[in-house]
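Remarks on the overall topology
Here is how the chains run, residue by residue.
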Amino acid sequence: MNKINLKINQIYLAVGIAITFNIAFVGLAFASDITPENVLKDINAERTNRGLSSLKEDPNLDFASTLKTKDMLNRDYFDHYANGLTPWDFFKIADYDYLYAGENLAMDFVTSEGMVKAWMNSPKHRENILNEDYADIGIGIVKGEYNDNGKTRETTMVTNMFGHKKPAIIRIYNYIAKNVFNSF
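This text gives an overview of the structure that appears in the document.

**Re the overall build of the chain**
A tally of regular secondary structure across the chain gives 7 helices and 4 strands. Mapped in sequence order, the helices and strands of the chain form the string α-α-β-α-α-β-α-α-β-β-α. Each of the 184 residues in the chain was classed as buried or not, and the buried ones make up 35%. Expressed as a percentage of contacts within the chain between residues at least 6 apart in sequence, the contacts between residues at least 24 apart total 71%. Element-wise, carbon and sulfur atoms account for 58% of the exposed surface of the chain, whose accessible area totals about 11500 Å².

**Comments concerning the pairing of strand β4 (residues 151-165)**
Every regular strand shows the same layout, with side chains that alternate between the two sheet faces. Of the pairings in the sheet, the one linking strand β2 (residues 98-107) to β4 comprises 9 bridges and is antiparallel in character. Of the residues in β4, the one forming a bridge with N104 is N160. What sits between the antiparallel neighbours strand β3 (residues 136-148) and β4 is a turn of 2 residues, in which N149 has the positive phi angle 55°.

**Some thoughts on a nonpolar patch on the surface**
Nonpolar side chains collect at one region of the surface, where I172, Y175, I176 and V180 lie side by side and expose about 360 Å² of accessible area between them. Structurally, the position occupied by V180 is in the segment after α7 (168-179).

**A short note on the sheet that holds strand β1 (residues 56-57)**
Spatially, the 4 strands line up as an open sheet ordered β1-β3-β4-β2, and their pairing is mixed. Of all the strands in the sheet, just β1 and β2 have a single pairing partner and so form its edges. Sheet topology places β1 next to β3; 2 bridges connect them, and they run parallel. Each residue of the ladder has a partner; that of K56, found in β3, is D136. Where helix α3 (residues 59-75) meets the sheet, its contacts fall on β1, β2, β3 and β4, and the angle it forms with β3 comes to roughly 15°. Together, β2 and β4 form the strand contacts of helix α5 (residues 112-120), whose direction differs from that of β2 by roughly 120°.

**Here we look at the packing of helix α2 (residues 36-48) against α5**
Packing of α2 against α5 leaves a shortest axis separation of 9 Å and a crossing angle of 40°. By the angle between their axes, α2 is oblique relative to α5. Helix-helix and strand crossings are classified by hand; for α2 and α5 the assignment is right-handed. Of the residues in α5, those in contact with N38, V39, D42, I43 and E46 of α2 are S112, E113, M115, V116, W119 and M120. In the contact of α2 with α5, the residues fall into 6 nonpolar, 2 polar and 3 charged.

Thresholds, definitions, all that
- Residues numbered from 1 in each chain as written.
- Predicted model: local features only at pLDDT ≥ 70, side-chain atom pairs only at ≥ 80, totals over all residues.
- Heavy atoms only, no water.
- Helix = DSSP H or I, 4+ residues; strand = E, 2+ residues; numbered from the N terminus.
- Buried < 20%, exposed > 50% of the residue type's maximum accessible area, 1.4 Å probe, protein only.
- Contact = heavy atoms within 4.5 Å.
- Areas by Shrake-Rupley, 256 points an atom, 1.4 Å probe, with all protein chains shown as cover.
- Pairing = 2+ DSSP bridges.
- Patch = residues over 30% accessible without salt bridge, like charges linked within 9 Å, V, L, I, M, F, W, Y side chains within 5 Å.
- Salt bridge = Lys/Arg side-chain N within 4 Å of Asp/Glu carboxyl O.
- Axes fitted to C-alpha atoms, helices over the stretch in contact; angles between N-to-C directions.
- Parallel < 35°, antiparallel > 145°, perpendicular 65-115°, else oblique.
- Left-handed = near helix turned anticlockwise from the far one by under 90°.
- Nonpolar A, V, L, I, M, F, W, Y, C, P; charged D, E, K, R; others polar.

That's the geometry; what it means functionally is another story.
Below, the structure is given as structure tokens:
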């Protein structure tokens, strides 16, 4: 009888280990790293599930987002407005002449899904993701050391910049107004 109980316990243990391993493996298999591709995929899934058009990744907004993220990490801040800079300054530096613009920030997330889910649970971040006026997105992801009140830790920071460029006719008019009429 003891041998039978021992064998049954071994089977239960083996099954338990297999289930635990399977749950851990499956959980990791569906969790994706924070990469521009995964962030874009997850954000566009939220948009298309609600009948909105997908956002296009814009190289100027990628530059602005990465520049902002590096600035936050290098100067140890996590804020839309800091050190005399606004999000709009980074749009301007990247030469993205916007009609509509917005910014989402994230820090300390491990997966793209977790980060986008947190944004979707925040009214202001959700509003940016689902704003039908936006056509473009920039994604800046930087890993590094962040000093928070004297405590340094490794983190991943993310900046998403959303935008819709001014129509070409307005950009041309503004250029002429600035560069031609001002020369008289």
